[in-house]
Amino acid sequence: MSFPILSLLILTPLIGALTLSLSNSAQLKNKTIFASGLWITTGEFLLSLLLPIFYDKSQNGYQFTEFHTWFDKFDINYYLGVDGVSIPLILLTTFLVPICLLCSWNSIQNRVKEFVIYFLLLESFIIGVFVSIDIVIFYVFFEAVLIPMFLIIGIWGGENRLYATFKFFLYTLAGSVLMLLAIIYIISITNTGNIEVISKFVFAENIQLILFLCFFASFAVKVPMFPFHTWLPDAHVQAPTSGSVILAGVLLKLGAYGFMRLSIPFFEFASYYFQPLIFSLSCIAIVYTSIVALRQTDMKKMIAYSSVAHMGFVTIGIFTLTQDGMNGAYFQMISHGIVSAALFLIVGVVYERHHTRMIADYSGVTNIMPRYSFFFMVFMLSSVGLPGTSGFVGEFLVIMSTISVSVYLTIFTAVGVILGASYMLLLYKNVNFGDVKADIKKLTDLTNIEIFYFTCLAFLTILLGVYPKLLFDMIDASISIGIL
Amino acid sequence: MIDFYSFAPEIFILALILISITFGILNKGVTITINATGFSLLTIFLIFKGHSLYQNSLYSLNTINLILLSKIILSIGSIVFILLSRRPLKNENLFRYEYILFILFAILGSFVLISSDNFLTAFIGLELQSLSLYLMAAFNTKNLNSNEAGIKYFSLGALSSGFLLFGISMIYFDTASFTFQNLDNFSTISEVGLALVLIALFFKVSAAPFHIWTPDVYEGSPTISTLFFATLPKFASLIFLFRIYHELNIPKIDSLHYIFQIVCAISLLVGVYGAITQKIIKRLLAFSSINHIGFMLLAIMSYQYMSEGTIFFYLIIYLITTFGVFSVILNLRTSEGEITLLTGLNGLKASSRSKAISMLVFLFSLAGIPPFAGFFAKFFILSASINEGFYVLSVIAVISSVIAAFYYLSVIKNMFFNESETELLLDNNKLSSFIFISSAIIITLFFFYPDPLINLVDSLFK
Amino acid sequence: MFLLGTFYFFASFLVVTCISVIFSKNPVNSVLFLVLAFLNSTFLFILIGAEFVGIILAIVYIGAVAILFLFVVMMLDIQITTLMFNIKRYVPLALLFAGVILAEIIYLTVFKSSKSNISEIVRSSNNTEEIGNVLYTKYFIDFQLSGIVLLLAMIGAIVLTHVYRPSIKRQNIDKQNTTYSKDRIKLVETKSGEGINYNE
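The structure displayed is predicted, hence computed values, not measured ones. Counting of residues starts from 1 at the beginning of each chain's written sequence and follows it residue by residue. For naming, the first written chain is A and the first written ligand is 1, with later ones following in the order written. Under the rules for a predicted model, residues below a pLDDT of 70 receive no local features and side-chain atom pairs below 80 are neither given nor counted, while totals for whole chains, interfaces and linings still include all residues. Derived side-chain values reflect all non-hydrogen atoms in the structure, with water molecules and hydrogen atoms excluded from consideration.

Asker: What exactly am I supposed to notice about the interface of chain A and chain B here?
Answerer: Many analyses report the size of an interface as the accessible area lost when the parts associate. Across the contact, 38 residues belong to chain A and 38 residues belong to chain B. For the pairing of chain A and chain B, the buried interface totals around 3,300 Å² over both sides, and the portion due to carbon and sulfur atoms is 79%. Two parts placed together each lose some accessible area; with a 1.4 Å probe, that loss summed over both constitutes the buried area. Contact with chain B buries surface across chain A, with W70(A), L181(A) and I184(A) losing the most and accounting together for 17% of the total. Salt bridge, as used here, is a side-chain nitrogen of Lys or Arg placed within 4 Å of a carboxyl oxygen of Asp or Glu. Our count for the chain A to chain B interface comes out at one salt bridge. Between E114(A) and K349(B) there is a salt bridge, with the nearest N and O atoms lying 3.1 Å from each other. A 3.5 Å cut-off defines polar contacts: any pair of N or O atoms within that distance qualifies, except that in protein one atom must be a possible hydrogen donor and the other a possible acceptor, and neighbouring residues in sequence count only when both atoms are side-chain atoms. Inspection of the chain A/chain B interface yields five residue pairs in polar contact (both at pLDDT 80 or more). Elements with a contribution of two residues or more to the side of chain A that touches chain B: α4 (112-131), α5 (135-144), α6 (146-156) and α7 (161-190) of chain A. Two residues qualify as a contact provided that any one of their heavy atoms is within 4.5 Å of a heavy atom in the partner residue. The helix and strand labels rest on DSSP assignments: H or I over at least four residues marks a helix, E over at least two residues marks a strand, and numbering proceeds from the N terminus.

Shown next as structure tokens:
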């Protein structure tokens, strides 16, 4: 197809941001800016819907490819393309960004124009990561994502935002520079940056191990896996609601996507070699962070830790290196993208009204905000993994695939599911039930906008839970051919 | 017979100096016009007729191209600098025509240094350059800090010149020649002598551990002089270092090669370690420049796997970024004078959007974060050094750039997150606004289209 | 034999005067010893036949530099005790450097021989002529560049030390030349006993 849809996807938000930044901010009202941002991102979403429509599932490999030479000296090119693995993530991104703008409609009052611009840039860069099939472009977008996120957390975050945003930036950067070295080494050996070509190249085994660890450093921080996860709770707690949504919804997936797209196809031997390491780290992540989540008093922190646990499922699933495990992990990624984003929105709703995130400050909310409690329940149950919601399918497939690898692994992941249920239910109980506190009474129920986006998210959750084939159709072929 | 024609650029600058001395007494402003025009003519001449200069020389074609390209960059840089210097000097009540003379002398010294074919000429060129730099550091005679900077720079610089001269004399003792070519058969004495020469050059480019003067001199000197120290003379010295490294085939001499590697590693680390705790902008920039020198030494060492285009890409990006950063800083003043502390940048985003965003671009580019040209600049160097087999140095380099990201981010934090305490008087000088805005655009553009620049340079070196 | 004896006489004298430069308590004495040291090295140069370098040394260092030192020393009020204190502090470092340089010299003189042709130049009949020959041919550019360095040094010294004081009256030649006598001189007739009103 000659129509450059992928470049258009990257450029639309970029051009939108540019136009906004050149416009005279004094004359524009905040609402106008938000509205224009919303128009751009909605257009982007509609544009991205073309991808699954025109994507030919029967064919393997990358589609909608675009190729432009970047350097004469190096075989590093502007080479874009998508396959079944990237399309759902692109859709998830374009879907979540308008919601982020919607949910900030009231809560962000100062420097609105910058806010919208940074979100547009962020969207553009994230899509760039998912569509690039040149390793250098991948890295460029992967790094560039940090800049708007750094600013978003740093400008509109909570009291301790500087600490959080610096930690976020430096942790991620420290991981990625090692990946950069590995990338440079790979290019120096293979003389190309093309991911397809590199995937076919077989590296010497000892070199594979080192290169794998370099990539691992970057992706493990991003996912985040157990010892590298400490930036996540800080970043989540300090970020504004919209920041948390995009962070949990999409940014964490970049790491997992990197594992699937780069680490495993490049370093097959090393992937098998490091399986035990990754399994043990993921198990620790699942059990340990679940227990930590149980003890949290801050809602956002609790959900942040639950994210780490859920991403543990994803890494386990990916590194079973089986079709089922991969599928499950991927499903879990998408599901977590929707559900955790929704949960952060849920927290954001009450935080905006009551200005506290402490669980102890809430009780009996269901009496005052019935609609809110309803949506909370839907997402809570989906996060727990109730059959019929999207959370179930992913977890189920991952657990099932672990049996073929190790029974102990199955036990640990199952324990993780139980712990997950316990802290989520605890959170739900403490916030929604009990006596109605005096200051809770003044809270108002969801506005129409909020109902709108919660409905969208809930619809998706249940749709994927009831009809997972929708997603599997898309990814099955790509995962079996492209990655394994 | 001496071939005077090959000295035409130097003689031209000398003529400019003499003209400036004559007219400067009558009218300060006219010296700027004369010299800007003069350097424009020189640039045009070097671009179109440059090759005719070295027709009779013994240099290889690559060396000639290296010399010409460096001279072109230097003279373009001088045009920009001479035009830029007027306003800051006026702001500080320092606008005297002698300052322009010092710039000319320094550029003359740099020209001589770059194109010298023997140690003696190089020494005199370096002295001419350094002497003008000492004077530029001490130019604000009423300011104690400036005096201090001048004296520190002078005394340490004299020490390094002593090393240089001692080294040269040892080499002369051994080989009975000052020229670069005759040094094929090295004995221990030449090796020691060359080590001393290298130390002096490391001092001039402020590579650690010979960097002690840098933060103090950067801080004390008038800001416009600091900009000069950080860019053109340093560029010239680096090119000279590059020539020495390859024409004397230093990689073959193990001891000197190790010295190079160690200095490179220390520069990378000291540059970031020193910068973290700095609260003064110019000191921070000083340490940041030390870190970048580390990268440039790495580039010089892994030259074999790197085209000239990529080395010049790094240097040009560094020059443009530094010009940009300083022209933003020169534009910021409070009622008490120049801003010196990092907290002076607080709330810059609110008071001047274009300056803050340009600074953001420069700092991210210095940190090597895409999508800015600094990323590819570092990328090429790392790629070459990995090919060369400097794994440890590459790891040190990337670790240092992560730490460097921390302090660049804290500057950005001040500009974007903090509220301003004192009101900034925005000195909206059109020229420097033009310079920093165009620098920011160039740096972003070079990320997307680095090829034209690299190919242009590469086409000169075959 | 006579030559060797003279050499050792001047050389040991040189060492003694150098030590005296450092250890004399009075800076004026110090400078005078410095002059003596220069003089001794002049003799040493002449002894090896380099009379031009020797004479230049005498003229430049004794005639100009040392005298300037003397001026500076006389004008500055230097505390002798603090100077001595500083010297003691730096003795270890100085000894280290001296040791290194001594080792180098021993190494060079004992184990190595120079390839340079200085001795040949010196042996020729008139070394002033020899130096002139290379200075104005081979090293012409360097020679001229040194001149430029001196020009810069001169300008620099003026810039750093010149202070413009508005209170001092200066001659303004332009202004003097562009005035006419009728503006400057006014002839008035005065009657006796009345005097002149200057402002009129």
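Asker: Teacher, can you tell me more about the interface of chain C and chain B here?
Answerer: Listed by partner, the interface residues are 26 residues for chain C and 35 residues for chain B. Here chain C and chain B share an interface that buries about 2,700 Å² over both sides, 80% of which is from carbon and sulfur atoms. Inspection of the chain C/chain B interface yields zero salt bridges. The tally of links between chain C and chain B comes to one residue pair in polar contact (both at pLDDT 80 or more). Counting residues per element, the ones that place at least two in the side of chain C that touches chain B are α4 (80-111) and α7 (140-161) of chain C. Sort the elements by how many residues they give to the side of chain C that touches chain B and α7(C) lands first, with 14 residues. In this count, Pro and Cys sit with the nonpolar residues alongside Ala, Val, Leu, Ile, Met, Phe, Trp and Tyr, while Asp, Glu, Lys and Arg are called charged and the others, Gly among them, polar. Broken down by class, the residue content of the side of chain C that touches chain B amounts to 15 nonpolar, seven polar and four charged.

Asker: Mind showing me how you'd approach helix α1 (residues 5-22) of chain A here?
Answerer: In an α-helix, one turn spans 3.6 residues, which is why side chains three or four residues apart end up on the same side. All names here are of chain A. Here α1 spans 25 Å end to end across 18 residues, near enough to the 26 Å set by a 1.5 Å rise per residue. To get the bend at a given residue, fit one axis to the seven residues ending there, fit another to the seven starting there, and take the angle between those axes. The largest bend along α1 reaches roughly 30° and is located at L11, with the proline P13 sitting one to four residues downstream. Whether a residue is buried, partly exposed or exposed follows from its accessible area with a 1.4 Å probe, protein chains only, as a fraction of its type maximum: under 20%, in between, or over 50%, in that order. What α1 keeps buried is the set I5, L6, S7, L9, I10, P13, G16, A17 and L20. Looking at the packing, one finds that the buried side of α1 touches α2 (30-54), β1 (63-69), β2 (77-82), α3 (86-107), α4 and α5. A helix is expected to span 1.5 Å multiplied by its residue count minus one.

Asker: Before we go on, may I ask you to explain the pattern of salt bridges in this structure?
Answerer: Side-chain pairing between opposite charges can occur once the charged atoms of the two side chains come close. All chains considered together, the criterion is met by 14 salt bridges over all chains. A single salt-bridge network, built from bridges that share partners, covers E148(B), K152(B), D216(B), E219(B) and R283(B).

Asker: Help me out: how do you make sense of the packing of aromatic side chains in this one?
Answerer: Any two aromatic rings considered together are summarised by their centre-to-centre distance and by the angle between their planes. Between rings of Phe, Tyr and Trp, where Trp is taken as its six-membered ring, a pair exists when centres lie within 6.5 Å; planes separated by under 30 degrees are stacked, by over 60 edge-to-face, and by other angles tilted. Scanning the model with the defined rule gives 87 aromatic pairs over all chains in all. Judged by centre distance (6.4 Å) and plane angle (80°), the rings of F138(A) and F219(A) are edge-to-face. Taken together, the residues span a long stretch of sequence, with F138(A) in helix α5 and F219(A) in helix α9 (residues 205-222) at a distance of 81 residues. Taking relative accessible area as the criterion, F138(A) reaches 0% and is therefore assigned buried. A ring pair is formed by F212(A) and F274(A), whose centres lie 5.3 Å apart and whose planes are at 10°; its orientation type is stacked. Here F274(A) lies in the loop between α12 (268-273) and α13 (275-294) and F212(A) lies in helix α9, a separation of 62 residues in the sequence. The two residues F212(A) and F274(A) agree in class, both being buried. The rule is short: NZ of Lys or CZ of Arg within 6 Å of the ring centre and within 35 degrees of the ring normal puts a charge over the ring. The ring of Y351(A) carries the charged tip of R357(A) above its face, separated from the ring centre by 5.1 Å. Sitting above the plane of the F139(B) ring, R96(B) keeps its charged end 4.9 Å from the centroid.

Asker: In this structure, what is going on with the arrangement of the chains? I would like to understand it.
Answerer: Among the two pairs of chains that make contact, the interface with the largest number of contacts is formed by chains A and B. Chain A shows no contact with chain C. Their nearest C-alpha atoms sit 41 Å apart.

Asker: Can you walk me through the environment of F216(A) in this structure?
Answerer: Residues and elements named next belong to chain A. With respect to the element layout, F216 can be found in helix α9. The buried category is assigned to F216, whose relative accessible area is 6%. Residues F216 and S176 lie 40 residues apart in sequence; the distance between their C-alpha atoms is 9.3 Å. In contact with F216, other than residues within four places in its own chain, are V221, M225, F228, F259, I278 and L281.

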